[in-house]
Amino acid sequence: MNHSVRSRYMLPLLLTASLLNADPAQAWGAKGHQIQARLALANLPPETPAFFRDANEEMAMLISEPDHWRTAEEPDLDETTGVNHTFRWEIAPKPLPANRHFFIIELARQGKIDATKNSVRAYGTAPYGMQEWAEMLTGAFRRWRAMPETTPEEIARKRMQEKSILFIAGVLGHWVTDMSNPIHASIHVHGWSPSVPNPNGYAEPRDDPHGRYESTYLNRVIEPGDVAPLVDGKARVVGDWLREAETYIAATNSHVEQIYAWDKQGRFGDGNEPAAAKPFTAARLADGARELRDYWYTAWVRSGQPMPEKEKKVSGE
């Protein structure tokens, strides 16, 4: 069965699954993530494989997959992946240590985490989720390039590899687009943090604007057409995955106080929000769509380059 025919049969199933798994507490809301996924795909260069560029419905579903890993039946999974949804930029060590393990070691070295508590959650690990899943996607693309498709068995295996690529890209997309939401990139993730002064009287944790802004407000006010013109079509190849994430998250974090200031003027979710909040929110969604497009495109480009030399492991591993 060719790709277009298979997609025609799969589409109703994917749409049904998406509706059955809808979760109103998702970051940016499912609507926001889907807008970003579709626009990132639409703005990929034509040299990106067609199976990837054409996966609109698949990616619209898969980009929210990590939000479904946060239920009561998945406490251990949530403990290890839940931290990838946020990053407290203001209190993180800088420059960011080279990988997740070095980040945790540095927090311990600075006395910022307590081994008796689940305190890595107090920092988040989103840039490391971006780094790790971008590496996975690059490797998956590289394997796809090398796979023959002469026999029926080879063709079937390559189609399965394409499904794997889409899943990895969807999860990566979630981490990337979460970080376009200023609330997710800050210590003020669930109300103005009590760890810093609040002289302007911004909403505190008891009146957390998080869901009110990213879901209730966005679902009512933002449409794809508000975001699409803000996503240019010029994909770029980014540099080091982690350094790119660092720059991107710092830029997102710079907008967080504006959300709290507007929430004070006209509480998000109540229907009286300041008019300027709409173009601002569309711009943040566009930031995430562009960044996601660039991460996907960079993974594709790197997969066609010579394999980097592998660093030697520590003796005994």
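Treat the numbers as computed from the prediction; the structure is a model and nothing was measured.

A. Examining the packing of helix α9 (residues 210–221) against helix α13 (residues 277–303) more closely. α13 packs onto α9 with a crossing angle of 110° between their chain directions and a minimal axis gap of 11 Å. Considered as vectors, α9 and α13 are oriented roughly perpendicular to each other. Residues Y213, Y217, L218 and V221 of α9 form the contact with α13, whose own contacting residues are A277, K278, F280, T281 and L285. Class assignment of the residues belonging to the contact of α9 with α13 gives a composition of 7 nonpolar, 1 polar and 1 charged.

B. The arrangement of the packing of aromatic side chains in detail. Summed over the entire model, instances satisfying the criterion amount to 18 aromatic pairs. Plain terms: the ring middles of Y202 and Y260 are 6.2 Å apart, the flat faces sit at 50° to each other, and that makes the pair tilted. Here Y202, found in the loop between α8 (152–178) and α9, pairs with Y260, found in helix α12 (residues 256–265); they are 58 residues apart in sequence, far enough to count as distant. Both residues of the pair, Y202 and Y260, count as buried. Arranged with centres 6.0 Å apart and planes meeting at 15°, the rings of Y213 and Y217 form a pair that is stacked. Of this pair, Y213 and Y217 both sit in helix α9, 4 residues apart, which is roughly one turn of that helix. With a relative accessible area of 2%, Y217 lands in the buried category.

Reading the values: the criteria
- Residues numbered from 1 in each chain as written.
- Predicted model: local features only at pLDDT ≥ 70, side-chain atom pairs only at ≥ 80, totals over all residues.
- Heavy atoms only, no water.
- Axes fitted to C-alpha atoms, helices over the stretch in contact; angles between N-to-C directions.
- Helix = DSSP H or I, 4+ residues; strand = E, 2+ residues; numbered from the N terminus.
- Parallel < 35°, antiparallel > 145°, perpendicular 65-115°, else oblique.
- Contact = heavy atoms within 4.5 Å.
- Nonpolar A, V, L, I, M, F, W, Y, C, P; charged D, E, K, R; others polar.
- Phe/Tyr/Trp six-rings, centres within 6.5 Å; stacked < 30°, edge-to-face > 60°.
- Buried < 20%, exposed > 50% of the residue type's maximum accessible area, 1.4 Å probe, protein only.

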